[in-house]
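Listed below are the residues making up each chain.
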Amino acid sequence: MVLGRMAGKTIIIFGGGSQKGEMNNGLAAALTYAQEAADVFIVDASERAVANTLQCLDSAGPADGKWGGAVADVSDSDAVKAAVEECVALLGNPHVLHNNVGIARMGGPVEMSLEEWKFVLDINLTGAFLSTKHVLPLFLEQGRGSIVNIASIGGLRYLGYNYPSYSASKGGLIQFTVNVALEYAAQGIRANSIAPGLMETPMMYRQISGSYESVEAMVAARNKLSPTGKMGDSFDVARAALFLASDEAGYINGVCLPVDGGLSAAVTH
């Protein structure tokens, strides 16, 4: 059922692709926005991932929905600019910028190479800077716009994983969001971030499972750590993003919203 909370709005999602058609944060966001009558533009580094999300939108989105996509490396300013221009040409100026791109790499200062450290920061933090750089002028031109950046509880606290590059990049993204929010608040621009906690997503299986004896051990451990006794999923993040992007959150600006079942508030031992 289309409720229409995003009717008349175009959403550009960086990191909106799905490599194998799996339900990840990007695909869940695309479907959630589309089901609320938004036009959706997907940007991802993989052509196949973009195609998969567009196929899912064709199958599960509203019959009268409009969407498109482009391939771009978020650390390449020219590619990001071109993707934004494609969105404008196809669907018009975006009203919401949703930054979902994120990678995790294990290893601290001793184990991780400088090149890999820079790579994580380029994707997780510089990518959001570049998408904001190229979308923000369009927001200013129309006098309104909403930015939703997907950060992580790992950017707020230590979660037991040896991935300081990920934590640093996500912590930086949270403060980047605050700066943009306050700098442009008087010009009709809002910027908020979301900090997912222990979520069951494809990223968990691909990039974190090596820290455990087995996949089963990982799932059991993460469920146990959650105050609810169970991890969240991609639609928990997507529904929070929908709210922050919508006019219902019109006076919410510069916040980092934990979507973590209470983990960030829990006592640690």
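Above this text is the structure in question.
Residues numbered from 1 in each chain as written. Predicted model: local features only at pLDDT ≥ 70, side-chain atom pairs only at ≥ 80, totals over all residues. Heavy atoms only, no water.

Student: Outline the nonpolar core, listing residues and values.
Tutor: Counting 33 residues, the largest nonpolar core has Ile12, Phe14, Phe41, Val43, Leu97 and Phe139 as its most contacted members. Among the elements of the structure, strand 1 (10–14), strand 2 (39–44), helix 3 (77–91), helix 4 (114–142), helix 5 (164–183) and strand 6 (189–196) are those that each provide at least two residues to this core. For this core, the element with the most residues is helix 4, which contributes eight residues. When neighbours within four sequence positions are excluded, Leu97 is seen to be in contact with Ile12, Phe14, Ser131, Thr132, Val135, Phe139, Ser146, Ile147 and Val148. Counting 28 residues, the second-largest nonpolar core is a separate cluster that includes Ala30, Leu31, Val148 and Val259. (Core = buried A, V, L, I, M, F, W, Y, C linked by side-chain atoms within 4.5 Å. Buried < 20%, exposed > 50% of the residue type's maximum accessible area, 1.4 Å probe, protein only. Helix = DSSP H or I, 4+ residues; strand = E, 2+ residues; numbered from the N terminus. Contact = heavy atoms within 4.5 Å.)

Student: Tell me about the state of the cysteines, and please be specific about residues and values.
Tutor: This model, assessed by the stated rule, comprises zero disulfides. Cys56 takes part in no disulfide bond, and the closest cysteine sulfur to it belongs to Cys87, at a distance of 19 Å. (Disulfide = S-S within 2.5 Å.)

Student: I'd love a proper account of the sheet that holds strand 3 (residues 67–71), names of residues and values included.
Tutor: The strands making up a sheet are joined through hydrogen bonds of the backbone, oriented either antiparallel or parallel. Spatial ordering of the open sheet is given by 3-2-1-4-5-6-7, a layout of seven strands whose pairing is parallel. Two strands in the sheet have a free side with no partner beyond their single neighbour: strand 3 and strand 7 (256–259). Across this sheet, the average inter-strand angle for adjacent strands is 20 degrees, counted without regard to direction. The sheet contact formed by strand 4 (residues 96–99) and strand 5 (residues 145–150) spans four bridges and is parallel. (Pairing = 2+ DSSP bridges. Axes fitted to C-alpha atoms, helices over the stretch in contact; angles between N-to-C directions.)

Student: Any chance you could break down helix 3 for me, citing the residues and the numbers?
Tutor: End to end, helix 3 covers 21 Å across 15 residues, agreeing with the expected 21 Å (1.5 Å per residue, within 8%). Among the residues making up helix 3, those that are buried are Ala79, Val80, Ala83, Val84, Cys87 and Leu91. Seen end-on, helix 3 carries its buried residues on one side only, within an arc spanning 140 degrees. Among the exposed residues of helix 3, those oriented more than 90 degrees off its buried face are Asp78 and Ala89. Looking at the buried side of helix 3, the elements it contacts are strand 1, strand 2, strand 3 and helix 4. For helix 3, the N-terminal cap is Asp76; the gap from its side-chain oxygen to the backbone nitrogen of Asp78 is 3.0 Å. (Expected span 1.5 Å × (residues − 1). Arc of directions from axis to C-beta. Polar contact = N/O pair within 3.5 Å; in protein donor to acceptor, adjacent residues only side chain to side chain.)

Student: Explain the packing of helix 4 against helix 5 residue by residue, including any values.
Tutor: At their nearest, the axes of helix 4 and helix 5 sit 8 Å apart, and the two run at 15 degrees to each other. On the basis of their axis angle, the class for helix 4 and helix 5 is roughly parallel. Along this stretch, helix 4 crosses helix 5, giving a crossing that reads as right-handed. Of the residues in helix 5, those touching helix 4 at Trp117, Val120, Leu121, Asn124, Leu125, Ala128, Phe129 and Thr132 are Pro164, Ser165, Tyr166, Ala168, Ser169, Lys170, Gly172, Leu173, Phe176 and Val180. Class assignment for the residues of the contact of helix 4 with helix 5 results in 12 nonpolar, five polar and one charged. (Parallel < 35°, antiparallel > 145°, perpendicular 65-115°, else oblique. Left-handed = near helix turned anticlockwise from the far one by under 90°. Nonpolar A, V, L, I, M, F, W, Y, C, P; charged D, E, K, R; others polar.)

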